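Structure assessment
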Amino acid sequence: MTETRRWYVVDRIEGDRAVLVADDGGEPVDLPVASLPFQAREAMVLAVPLDGNGRPQWARAERDEGEERRRLNEGKARLERLKRRDPGGDVSL
Amino acid sequence: MTFWAALLLGTLTAADTPAVAITFLDVGQGDATLIESPDGKRALVDAGRATWRVREKLQVMGVDTLDLVVATHADMDHIGGLDGILYELPIRSYMDNGVPHTTREYRELMDLVEWSGVPYVAATARTITLGDVSLRVLPPWPEARDQNNASVGLVVEFGAFRMLLTGDAEREELRYFLSLGVPTVAVLKAGHHGALNAVTPGWVQATKPRVVVVSVGAGNAYGHPDPMALRYYARYADAIYRTDRDGEILITGRQDGSFEVTTWDEAGKPLTRTFPAVEAR
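Residues numbered from 1 in each chain as written. Chains lettered and ligands numbered in written order. Predicted model: local features only at pLDDT ≥ 70, side-chain atom pairs only at ≥ 80, totals over all residues. Heavy atoms only, no water.

Time to look at the overall build of chain B. Each helix and strand in chain B was counted, giving nine helices and 15 strands. Whereas a compact globule of 281 residues would reach a radius of gyration of roughly 19 Å, chain B reaches 17 Å, a difference of no more than 12%. If you line up chain B on its principal axes, its C-alpha atoms span 45 × 40 × 35 Å. Per-residue burial for chain B yields a buried fraction of 62% across its 281 residues. Within chain B, counting contacts between residues at least 6 apart in sequence, those at least 24 apart form 64% of the total. Here chain B has roughly 10400 Å² of accessible surface; of this, 49% comes from carbon and sulfur atoms. Of the side chains in chain B, 26 bear a positive and 36 a negative charge, and the two mean positions are spaced by 5 Å. (Helix = DSSP H or I, 4+ residues; strand = E, 2+ residues; numbered from the N terminus. Rg over C-alpha atoms; globule rule 2.2 N^0.38 Å. Buried < 20%, exposed > 50% of the residue type's maximum accessible area, 1.4 Å probe, protein only. Contact = heavy atoms within 4.5 Å. Areas by Shrake-Rupley, 256 points an atom, 1.4 Å probe, with all protein chains shown as cover. Lys, Arg positive; Asp, Glu negative; His and termini not counted. Charge placed at Lys NZ, Arg CZ, Asp CG, Glu CD.)

In structure tokens:
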């Protein structure tokens, strides 16, 4: 039987707490950094197994570095495209 | 009379002299700041965690267009409300810190920015003229390894009145901003919701704020604002305002450097404190 997983992203680290947001929406999750099996860092993409009741098993979270790189590269490429719209210099609105 | 009723009745424009109006919106744990020039140009800097918190406030304030939207950095408590604003309001230009995030919310926001065709204004060292108000951009620290330390800074100037916004910049980026040259200011938004990692004695000494505004949610889990940080600010500031206690905070700045701070008490009565123009501190 395939284990159900949910993808989360570490939105930010606030002291000893990590704020995570799920790819499929919902309220951000705020949990102690120590709840994760590795040192969490901002922008990490995590695959998190769910238990039978749909609750995330944070201690079994795995980092998805490939997806993380893909998203960051996609973001960088988009920003390069957007910079072509920049009027340059000082701007008067 | 509540803040919103006062706005509807137009009673907030008591003085005859032109003024820049800066409203720190109470969006809970997050930032959202609206800057309005005397000639009606508007910039929104960040939009808190969720669109609904900001949208209603902008509607009541009669904001139907934004000349500039600035996402100081891509954390959710700053950009979470932006997608709905971009979707619903005409936006004339968009600026962010140029550092991608991996959240769905960031990617959807950038989908909208790209799809809408809005001019993108990179956060380089440049000045944005917003009607009679100038916004000097403090570019993100090039060596930043996280979003906070890659925040866009803005020096808002209207004549001798100056205000400084630094997103969630922490000590390392504040040092970088100081190296770029930061003026003394009338109003300073406390960095990173009043966290201790976003202020130094040197920062406060250099900026010498007369008023500090902390945009922060009540009962947040992060201990914001930090009591030690508040003590640093209190060394120079005559007053510290907090959105968790004061709600919406309106700053009205005039060209001679004088300004007023208005909040509303629980009964909705406006409480205005006037800060006269002073010689350089």
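On to the interface of chain B and chain A, then. With 42 residues of chain B in contact, the opposing surface of chain A contributes 37 residues. Summed over both partners, the interface of chain B with chain A buries about 3200 Å², with 52% contributed by carbon and sulfur atoms. Along the contact surface separating chain B from chain A lie five salt bridges. Linking chain B with chain A are 23 residue pairs in polar contact (both at pLDDT 80 or more), by the criterion used here. Put simply, the parts of the chain that give the side of chain B that touches chain A at least two residues each are α3 (76-79), α5 (104-116) and β6 (127-130) of chain B. Tallied by class, residues from the side of chain B that touches chain A come to 18 nonpolar, twelve polar and twelve charged. Two elements, strand β6 (residues 91-92) of chain A and β6 of chain B, share two bridges in a ladder whose sense is parallel. When the bridges of β6 of chain B are listed, S92 of chain A appears paired with T129 of chain B. (Buried area = accessible area lost by both parts, 1.4 Å probe. Salt bridge = Lys/Arg side-chain N within 4 Å of Asp/Glu carboxyl O. Polar contact = N/O pair within 3.5 Å; in protein donor to acceptor, adjacent residues only side chain to side chain. Nonpolar A, V, L, I, M, F, W, Y, C, P; charged D, E, K, R; others polar. Pairing = 2+ DSSP bridges.)

Before going further, it helps to spend a moment on the sheet that holds strand β2 (residues 33-36) of chain B. All names here are of chain B. Read across the sheet, eight strands follow the order β5-β4-β3-β2-β1-β13-β14-β15 without closing on themselves; strand pairing throughout is mixed. Each edge of the open sheet is held by one strand with a lone partner, namely β5 (94-95) and β15 (270-275). One ladder, built from six bridges, connects strand β14 (residues 259-264) with β15; its direction is antiparallel. What sits directly across from T262, in β15, is T272.

Here the focus is the sheet that holds strand β4 (residues 45-49) of chain A. Residue and element names in this part refer to chain A. Taken in spatial order, the five strands of this open sheet run β3-β2-β1-β4-β5, and their pairing is antiparallel. Among the strands making up the open sheet, the edge pair consists of β3 (29-32) and β5 (62-63). Across the sheet, helix α1 (residues 65-83) lies against β1 (5-14), β4 and β5, angled at about 140° from β4, the strand it touches most. (Axes fitted to C-alpha atoms, helices over the stretch in contact; angles between N-to-C directions.)

Any two aromatic rings considered together are summarised by their centre-to-centre distance and by the angle between their planes. Residues and elements named next belong to chain B. Applying the stated criterion across every chain, the model contains four aromatic pairs over all chains. Note on F259 and F275: the rings are 4.7 Å apart at their centroids and 5° apart in plane angle, and the pair reads as stacked. On the criterion of sequence distance, the pair formed by F259 in strand β14 and F275 in strand β15 is long-range, its members being 16 residues apart. When its relative accessible area of 1% is taken as the criterion, F259 is described as buried. (Phe/Tyr/Trp six-rings, centres within 6.5 Å; stacked < 30°, edge-to-face > 60°.)

This next bit is on the side chain of E42 of chain A. Mapped onto the elements, E42 of chain A comes out in the loop between β3 and β4. Buried and unpaired, E42 of chain A has no salt bridge, with R12 of chain A as the nearest side chain of opposite charge at 7.3 Å. Only 2.6 Å separates the side chain of E42 of chain A from the backbone nitrogen of Q147 of chain B, close enough to count as a polar contact. Among residues more than four places away in sequence, those in contact with E42 of chain A are V10, D11, R12 and I13 of chain A together with D75, H101, D146 and Q147 of chain B.

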